[in-house]
Structures are given as structure tokens and as C-alpha cells.
Amino acid sequence: MSNQSSNQMWGGRFASGPDAIMEAINASIGFDQRLAPQDIAGSRAHAAMLAATGIVECSDAEQMRKGLLTILSEIEAGNFEFSAALEDIHMNVESRLTDIIGPVAGRLHTARSRNDQVATDFRLWVRDQCDAVEAGLTALMRALLGQAEAGADWVMPGFTHLQTAQPVTWGHHMMAYVEMFARDRSRFQDARARMNECPLGAAALAGTGFAIDRDMTAHALGFDRPMANSLDAVSDRDFALEFLGASSICAMHLSRLAEELVIWSSAQFRFVMLSDRFSTGSSIMPQKKNPDAAELIRAKIGRIVGANIALLTVMKGLPLAYSKDMQEDKEQVFDAADTLMLALAAMEGMVRDMTANRPALAAAAASGFSTATDLADWLVRELGLPFREAHHVTGSLVARAEALECDLPDLSLAEMQAVHGQITTAVYSVLGVENSVASRRSYGGTAPDQVRRQVARWKDLLV
């Protein structure tokens, strides 16, 4: 593409072509070609509206429609030649449309600007990504539900500060992540609903004097309504920031689960066995089975949060309306979306394939004085002790067990009564981990019947 041809796309304002360095910094086609399907959809809707309102002839609009479909086919087939001299996806498409249908292509840009065009394209793309992430999260939630249902009554240690706290069930632990990812899913749904307004028709910044029908183009593109302020329509990117914010929180949840899988699959824990599909070996240590997929998911949050900060930084000092700075809005969003989708797919695969080591979970649940709270509760419930006194008595019994290098259920009744004389043999009924988890029947608790109730609820919701 010659400089002269490039200048014709710009118009008569510039006498000479851009310097190579200016072309390199100014061009966005290297990444915004990804918006081609959205750009062509927007142009098709705009052409149909121009014809419906009598702004262009119906025959011209039909030529535009056919030409745009030809371009879309070329792009999908990989036969379209993108030109950096034409800067962006919009001018590349318009130039090719001119090749196909001639000067009529010039009428397509009537009553619009690249400013409202790119804002529309980008909203459409981010909206599609919200749908894709929602589907990915749903698949992951189903995998977690499968694990929770299978292990609704498998006991394991619950942790605080990564120290043994109280026994819980495997199913309860899996369901905690179902709840987290459900909130993530709702954040993307909320963001999608908020961004579903159409910028097209805002033109450069002030609207247009042509009698366009913005409702027609908005509905043709699946938007709920046109955006109400033309300045806002072309100059804000909060829809992309909200997507990145929701992605950052979701990536954080993925990272937390990944961290647990890294710990749990270690030789020191042996809580889970990850499948060979999501593990690697060592080049020097033949015994190793490394949880590389989990480790990489744990690291991916850096790219996603970084994208969020990058776009916030781009936008924070911009006056209304459009500034060229906003060309820097897309690459980080594209990368974050790709990264999140890959992390979701990898986590869904790991969760679906992993095998919980039930004996190891049970053994760990019974260690570390995990039923100490049950003992304290028993002292309150059965002996009427104030909780603070019961806490002190239980602490003394834990110290006694530590001195004898045994766990609480292994203490004899005489040893317990040496600390508090009213303790009876009934205390042993609460010291088993199975009894402990079964007793936690409060709503949202770890009792197997509560876990199964929550699993059933979510299975119904995800149909």
C-alpha cells in the first residue's frame, strides 16, 4: 500500500505520507484485526440502518452487505491481507470494500466515526468474552460438584493459618470453591448487563446531524439500548475495566485453588493425585511428578491483574472525549481474556481428573487435635461450663496429650478427669472425626447431609 493510497483514506488534510516510525507507533492492525467479526457486524447493522432511514440507497446498502460478507469470508479463510499502512481494522475493511464494490463503499462511513465504531466493536468483543468466561466457569463448577458429590462424607482436616483446625469433609471443601466461582460468574453476568448499551451513532463525540435510527442498530447488534451520551459513548472504557476487574478476582480464586493442589499433591500431604495429563516429570529426578499446570495457573494472575492496572493507568488522566491513548486499551484485554480462558480450562481438567486420597485425608483429619473444639463444645453443652473455662480445660487436655505424644481420643478417662473431674466416658462420642463432621448441621456446615443438599441445589441451578 503506497503512502498516497494511505493518504486517500485519511482525506486531503495531509500532503505527505507518514514516517515509518510514526506508522509503526500509530498502527493497531497487528492486534485489532481480532475485532474483524465485530467490526463487520457493526458495519452491516449500520448499512442496513442507513438504507432504512433513506440516508443511502437500498441498492448501495445491499452492495455493502454483500461486500462485507465477502471480506468476512476472506478473513475467516486466512486470505485477507492486512496492511499496517491502513492503521487499523476499520480502514483495512473499508479499503477492501472499496476494492470489491467501488466508490459506493465510501457511503458506509456516513453518520459514524472510527471513534464510535471502535467503541462498538470492543464492547461486542468483551461481551462475547463475558459469555465465554461464564461457560468456562460453569464447566469448572460442574467438575467441582462431581468431586463434592463423590466425597460428601470423606473427612479431611480443615485449616486456618495452614494449621489443623477442625475436621471438615472433602465435599464441603470442594463446595467452597463452587460458591467462589459462582460469585465470579455473577460478576461477569452483571458486567455484561451493564455494558450492553450501543455506542454506534455517537459519531466522533457529538452525535450526528443525519436522521439515524440508533435503536435499530442497537437492537440489530443485540444491545439493550443506545448509549445516552455521545461523549461517554466514545470516551469511556469502564466496560473493559470491569471485565478485567472480574477477571482479576476470578484469577485470584483460581490461584488459591491451584496453590492447594500444589500443596495437596506433594509427598508430604498426598491428599490428591493429579492426572498425568496435567503433570510433568523432571529431567534429572525420575521420581518427580510436578503439578506444573497448577503452578502456571497460580502465576497467571500476575498477567491478568497487570492488564487491569495497565488499562486503569491508560485511562486515569484522559480528558473527554477520545484520545489516541485509548488505542492502548485492547492488547492487555485480549491477553487477559486468553489467559483466563486457558486457566479455567486447565483447572476444570485438573479438577475433573484428580483423585482424592481418602485414607490420607482421613488420617490427617484425625491428627493435630482437630476435635479440640468439639471437646470444648461438649464441656459447655454437657457440663454447663462457660465457654472460656471449657476452652481452658481443653487447652490443658491438649497439652497433656502432647506430653504423652498421643491425640485427644487416646487419653484415658482418668487422665481427662485429672484435669476436670466431671468428664465422663460420653466425651469420647465427640472426639471421633466422623462424629465431629456429622454434628456440623447448621446451614452451610460441613455435615455430609448439608453438603449433599448444597450439591443438589447447585446441580439444579446449573441445568
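Residues numbered from 1 in each chain as written. Predicted model: local features only at pLDDT ≥ 70, side-chain atom pairs only at ≥ 80, totals over all residues. Heavy atoms only, no water.

A. Up close: the packing of aromatic side chains. Under the criterion given, the structure shown has 10 aromatic pairs. Ring geometry for phenylalanine 80 and phenylalanine 82: centres 4.7 Å apart, planes at 50 degrees, overall tilted. Here phenylalanine 80 falls in the buried class, since its relative accessible area comes to 11%. Centre to centre, the rings of phenylalanine 122 and phenylalanine 334 are 6.3 Å apart; their planes meet at 85 degrees, and the pair counts as edge-to-face. Within this pair, whereas phenylalanine 122 is found in helix H7 (residues 114-150), its partner phenylalanine 334 is found in helix H13 (residues 331-353), the two being separated by 212 residues in sequence. Taking relative accessible area as the criterion, phenylalanine 122 reaches 0% and is therefore assigned buried. Through successive ring pairs, a cluster of aromatic residues spans Phe159, Trp170, Trp264, Phe269 and Phe271. A cation over an aromatic ring shows up here: arginine 34 above the ring of phenylalanine 334, its NZ or CZ 5.2 Å from the ring centre. Positioned over the ring face of phenylalanine 223 is arginine 127, at 4.9 Å from the centre of the ring. (Phe/Tyr/Trp six-rings, centres within 6.5 Å; stacked < 30°, edge-to-face > 60°. Buried < 20%, exposed > 50% of the residue type's maximum accessible area, 1.4 Å probe, protein only. Helix = DSSP H or I, 4+ residues; strand = E, 2+ residues; numbered from the N terminus. Lys NZ or Arg CZ within 6 Å of the ring centre and 35° of its normal.)

B. Quick look at the side chain of arginine 237. Within the element layout of this structure, arginine 237 appears in the loop between helix H10 (230-235) and helix H11 (238-264). What makes arginine 237 buried here is its relative accessible area of 1%. In this structure, arginine 237 is in contact with Val118, Ala119, Phe122, Met315, Tyr322, Met326 and Asp329, ignoring residues within four places of it in sequence. (Contact = heavy atoms within 4.5 Å.)

C. Representation of the confidence of the model for the chain. For the chain, mean pLDDT is 91; residues scoring 70 or higher make up 94% of the total. Counted against residues more than four places away or in other chains, residues 1-6, with its pLDDT under 50, gives eight contacts. (pLDDT = per-residue confidence, 0-100.)

D. Representation of unusual backbone geometry in the model. The peptide bond linking leucine 320 to alanine 321 adopts the cis configuration, its omega dihedral lying at 10 degrees. Position of alanine 321 among the secondary structure elements: in the loop between helix H12 (292-315) and H13. Its identity is not glycine, yet glutamate 87 carries a phi of approximately 75 degrees, on the positive side. Mapped onto the secondary structure, glutamate 87 falls in the loop between helix H5 (58-77) and helix H6 (89-101). Note on glutamate 87: relative accessible area 5%, which makes it buried.

E. Summary view of the nonpolar core. If you look at the biggest cluster of nonpolar residues, it comprises 92 residues, and the most contacted ones within it are Trp170, Leu254 and Met347. Here this core gets 15 residues from one element, more than from any other, and that element is H11. Setting aside anything within four residues of it in sequence, one finds leucine 254 in contact with Leu140, Phe181, Ile297, Leu340, Ala343, Leu344 and Met347. Membership of the second largest hydrophobic core comes to 19 residues, among which are Ala390, Leu397, Val398 and Val427. (Core = buried A, V, L, I, M, F, W, Y, C linked by side-chain atoms within 4.5 Å.)

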